[in-house]
Amino acid sequence: MHPEYNPSDVEAKWQKKWADAHEFEFDIKKAKNPYYLMVMFPYPSGAQLHVGHWFQYSIPDSFGRFQRMRGKDVFHPMGFDAFGLPAENYAIKTGTPPAKSTQENVDAMIEQFKRMGVMFDWKYSLNTSTPEYYRWTQWLFLQMHKHDLAYRKEGNVNWCPKDQTVLANEQVKDGCCERCGTEVIQKPLTQWYWKITDYAQRLLDGLENLVWPEKTKLMQQHWIGRSEGAEIIFEIANDEKRAPWAEDEAPSKITVFTTRPDTLFGVTYVVLAPEHPLVEKITPEKHRGAVNAYKEEVKKKTEMQRTALEKDKTGVATGAYAIHPVTGEKLPIWIADYVLMNYGTGAVMAVPAHDERDFAFAKEYSLPVIQVVDGGDITESAFTSEGIATNSEFLDGLPTKEAKKKMIAWLEDAEKGRGIINYRLRDWLVSRQRYWGSPIPIVYDPEGNPHPIPEKHLPWMLPTDVEFKPTGKSPLTESKEFIERTEKIFGKGWTPEFDTMDTFVCSSFYYLRYLASGDDKHLIDPTIEKKWMPVDMYIGGPEHATMHLIYARFVMMALKDFGFVSHEEPFQRLVHQGLITNQGAKMSKSKGNVVSPDSFVEEYGSDVFRMYLMFMGPFTDGGDWSDTGIKGIARFVQRVWRLISEKSDAKVSDSRDVLMKLHRTIKSVTDGLETLHFNTAIASLMELLNTLESQEKISLETAQTFAKLLSPIAPHLAEELWSTLGGKGFVIDQSWPQFDHAQLQSDTLTIVVQVNGKLRGDITVDAKAKKEDIIAEAKKDPNVAKYIESGIKKEIYVPEKLVSFVV
């Protein structure tokens, strides 16, 4: 009898053999059948790899192994998304420079990955915080600037008071900072933006051909928010009672965007965002106090708070009036918190009868409500559906769609508006007032004009003589070296841009830099990009649907337009792994619920831990952590070891039943791995094990096939089995087993027999037996016979399943 399987010794042995043989070293240029497999790279936090990381990275490695055995040249790299707030906050707390703590964490995580037994070739690894990498982050900024996709403007931004930095809209969740949970406020700042809005329609159109989860596509569609409508011009009434100003400064019109131009006759007031530049100009003197007080009040509210449907609507009249473009009626101009400056034109034509927010506001301030779409009651709420135009002069009687077209045509003929498509998507705000990020490659002349840094000065190094404590300004403003470097290169009085870039810029192109490892001359070799892109399989969390996944698509499209890549989309197929929680909550160091895998790996081995995570359920579902079933997986490993090492015999031929079970298992495991249902693949192997254990001996070929099927799932165990069975080379280099359709069918059938709907027995018959013979055989069954003695009224046969007698 063989000794028990010792995972610690075996796994260390095969990891060394793989390393000595350079088994997972890769050459992207020589690949003949490329398959690009990527998992969203981790942040190198102090918590190191926890159970959730193991779930996210070990299981895709198994998928990669499966594809490799099917003949694919699998490129499966790993890197580290190393810039960002956690390292900087750690530096604030401990004084440890972010570069030092980050590198220490990277080194620790690499060792954990190696213990996992994954197929990463570490020469392709990348770290976004190294100058070698962020040189390309800065290069990308310069390309955006060169092609007029980067610009600088002043405006209200989302500001996290705790982290002391700007947040993009996508990083604000329920009015709070996504990272720390602090309530976000609005703050006026001059920032750098990228024109992602120029690509809004292409981002929408491109979704159609992507093999992505439908929910993720819908999230992006909603975030981009395409809406068709009209821009309508409302002239401002020439009221002499307003505060005096120079005639050439007097505003003459307000432009609004609406998706319902057919409701124009129902407008009873106009609303401006409190931040709208016209507010200051149109407000009469006697209204300025109330208007200014209200504007200060609104500054304390987040965008989420302002737009929530269930919140009370607040506002104040400016005292100014607009002219209805069709009727000539004077309409009061209000400012209200539910109108945002960064959506549409920052102005709204209010149609209370047919818009919920306008309705609530009109009721609150006793403003007129005029129904102009027939089809619903507006007593208690607005009627927002389509219907028939009413109270609308030349539109009366028209269905909504026709009324929209006719109104747009009228506006264009009268030069008072035009048909237009609008998007909810806002430009990407890339400035951050933090230290641990890529410096923006811009300098300012003594007059304050921005200039791009010439490429020859890249990487534009992140200075080290800084204090990390947040002050509301970038820590780089305190760097003496940074300022002196700028003046030395560009001249006296020149200053650097002190903001760093949003870390999502780093991950917006990393899929290309994996393919350009060691190339410091080009972002990517065009020949390699054409061969390997887009990524065949990209795996990561659904929380990135409206951030990273939109940003990366935008950058790839822009790079194609710039002539650097040949493909429009970076990720052809996308899969979201499930979330591993602990007591119902996401694992997080701050919550104190992180489960380390190290002790389990030490006790049971890497393969057992990997299989246990797989067996929890479908990869896309995840689950709540519990270690109660891990011993069952450990027992399965020992049973497999005993079976293969003790019962395999090169002189034995397997029975028909064993071969049928084997080939059904090959099909089931193949299907399971293809669809990322690793739990069903393992369950099939367990069933096969039960069948094989019941045999006196099993053939060497069946034993070797079992090892191959196990190889992606338990790579170390499979190598040891393969070696024990006399297999040549590594099992990972063998071809994936193919099932024989002829072997999937049994020679016999088990037929259930019922009498008056109750089960009375079952019979085994030849698979090719005729209906008459099967019914005759059913009548002979001793237990059935005693129930049909009174005579049979009806005989029913369901092919290959059931015989039923009615007596």
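Higher on the page you've got the structure.
Rules used in this analysis
Residues numbered from 1 in each chain as written. Predicted model: local features only at pLDDT ≥ 70, side-chain atom pairs only at ≥ 80, totals over all residues. Heavy atoms only, no water. Helix = DSSP H or I, 4+ residues; strand = E, 2+ residues; numbered from the N terminus. Buried < 20%, exposed > 50% of the residue type's maximum accessible area, 1.4 Å probe, protein only. Contact = heavy atoms within 4.5 Å. Areas by Shrake-Rupley, 256 points an atom, 1.4 Å probe, with all protein chains shown as cover. Lys, Arg positive; Asp, Glu negative; His and termini not counted. Charge placed at Lys NZ, Arg CZ, Asp CG, Glu CD. Core = buried A, V, L, I, M, F, W, Y, C linked by side-chain atoms within 4.5 Å. Salt bridge = Lys/Arg side-chain N within 4 Å of Asp/Glu carboxyl O. Phe/Tyr/Trp six-rings, centres within 6.5 Å; stacked < 30°, edge-to-face > 60°. Expected span 1.5 Å × (residues − 1). Arc of directions from axis to C-beta. Pairing = 2+ DSSP bridges. Axes fitted to C-alpha atoms, helices over the stretch in contact; angles between N-to-C directions. Parallel < 35°, antiparallel > 145°, perpendicular 65-115°, else oblique. Disulfide = S-S within 2.5 Å.

A. Layout of the overall build of the chain. Per the secondary structure count, the chain includes 26 helices and 33 strands. In terms of overall dimensions, the chain has C-alpha extents of about 105 × 85 × 45 Å along its principal axes. Counting the 807 residues in the chain, one finds 53% classified as buried. In the chain, of all internal contacts separated by at least 6 residues, the share reaching a separation of at least 24 is 73%. Split by element, the accessible area of the chain, about 35900 Å² in all, is 49% carbon and sulfur. Side-chain charges of the chain comprise 97 positive and 113 negative groups, with the mean position of each set lying 3 Å from the other.

B. Quick look at the nonpolar core. W194 and Y511 are the most contacted members of the largest nonpolar core, which totals 172 residues. Looking at this core element by element, the count peaks at 11 residues for helix α17 (residues 548–562). Excluding its chain neighbours within four sequence positions, the residues that come into contact with W194 are L140, F141, M144, L149, A150, D427, W428, V430, V505, F554 and V555. Within the second largest apolar cluster, 39 residues are counted, among which are V267, V298, L331 and V373.

C. Structural context of the pattern of salt bridges. Scanning all chains against the criterion turns up 31 salt bridges. Close ionic contact of K13 with E720 constitutes a salt bridge, the shortest N to O distance being 2.9 Å. Residue K13 is found in helix α1 (residues 7–20), and its partner E720 is found in helix α24 (residues 715–724); the two are separated by 707 residues along the sequence. According to the relative accessible area criterion, K13 is partly exposed, its value standing at 33%. Between R65 and D61 there is a salt bridge whose closest N-O contact spans 3.0 Å. Of this pair, R65 and D61 both sit in helix α2 (residues 51–69), separated by 4 residues, roughly a single helical turn. The two residues R65 and D61 agree in class, both being buried.

D. Quick look at the packing of aromatic side chains. Counted according to the given criterion, the structure contains 53 aromatic pairs. Centroid distance F600 to W625: 5.4 Å. Interplanar angle 75 degrees. Geometry classified as edge-to-face. A residue pair is termed long-range when its members are at least 10 positions apart, and F600 in helix α18 (residues 598–604) and W625 in the loop between β27 (622–624) and α20 (630–647) qualify at 25 residues. Taking relative accessible area as the criterion, W625 reaches 11% and is therefore assigned buried. Taken together, the ring pairs in this structure connect F141, W192, W194, Y199, W428, F504, Y551 and F554 into an aromatic cluster.

E. Expanded view of the environment of T691. Mapped onto the elements, T691 comes out in helix α22 (residues 678–693). T691 sits in the partly exposed class, given a relative accessible area of 22%. In sequence terms T691 and L662 are 29 residues apart; their C-alpha atoms lie 9.1 Å from each other. Residues in contact with T691, not counting those within four places in the same chain, are V658 and K661.

F. Geometry of helix α12 (residues 400–413). Taking 1.5 Å of rise per residue, the 14 residues of α12 would be expected to cover 20 Å, and the 20 Å separating its terminal C-alpha atoms lies within 8% of that figure. Of all the positions in α12, only T400, A403, M407, I408 and L411 are classed as buried. Down the axis of α12, the sector holding all buried residues measures 130 degrees, keeping them to one side. With respect to the buried face of α12, the exposed residues turned more than 90 degrees away are K401, K405 and D413.

G. Representation of the sheet that holds strand β3 (residues 150–160) in the model. Ordered by their spatial adjacency, 4 strands build an open sheet running β4-β3-β7-β17, and the pairing between neighbours is antiparallel. If you trace the sheet from one side to the other, it starts and ends with β4 (165–167) and β17 (428–429), each paired once. Judged from the 10 bridges that link them, β3 and strand β7 (residues 185–194) form a sheet pairing that is antiparallel. Along β7, the bridge assignment pairs K153 with Q191.

H. Broad picture of the pairing of strand β32 (residues 794–798). Relative to strand β33 (residues 802–806), β32 is paired through 5 bridges, and the arrangement is antiparallel. Bridging across to β33, E795 finds its partner in F805. Hairpin remark: β32 followed by β33, antiparallel, with 3 residues in the connecting loop; positive phi at E800, about 70 degrees.

I. Quick look at the packing of helix α19 (residues 606–615) against α22. Direction vectors running N to C along α19 and α22 enclose 110 degrees, while the axes themselves pass 7 Å from each other. When the axes of α19 and α22 are compared, the pair comes out roughly perpendicular. Counting all contacts with α19, which are made through M611, M614 and F615, the residues of α22 involved are F678, N679, I682, A683 and M686.

J. A look at unusual backbone geometry. Residue L458 is joined to P459 through a cis peptide bond whose omega torsion reads 0 degrees. With respect to the secondary-structure elements, P459 resides in the loop between β20 (450–452) and α13 (480–490). Of note, the bond from M533 into P534 is cis; its omega dihedral lies within 30 degrees of zero at 0 degrees. Looking at the secondary structure, you find P534 in the loop between α16 (526–532) and β23 (537–539). The backbone phi angle of S366 is positive, close to 55 degrees, even though this residue is not glycine. Structurally, S366 can be placed in the loop between α11 (356–364) and β14 (373–374). With a phi angle near 50 degrees, N391 is a residue other than glycine that sits in the positive phi range.

K. Quick peek at helix α25 (residues 771–780). Taken as a whole, α25 has its buried residues at I774, I775 and A778. In a view along the axis of α25, the buried residues occupy a sector of 95 degrees, so they form one face of it. Those residues of α25 that are exposed and aimed more than 90 degrees away from the buried face are E772 and K780. Looking at the buried residues of α25, the elements they touch are β30 (748–755), β31 (758–766), α26 (782–785), β32 and β33.

L. Representation of the state of the cysteines in the model. A complete count under the given rule lists 0 disulfides for this structure. Between C160, a cysteine without a disulfide, and C180, which holds the nearest cysteine sulfur, the sulfur-to-sulfur distance is 3.5 Å. By relative accessible area, C160 is classed as buried at 0%. Here C177 stays free of any disulfide, with the sulfur of C180 as its closest cysteine sulfur at 3.7 Å.

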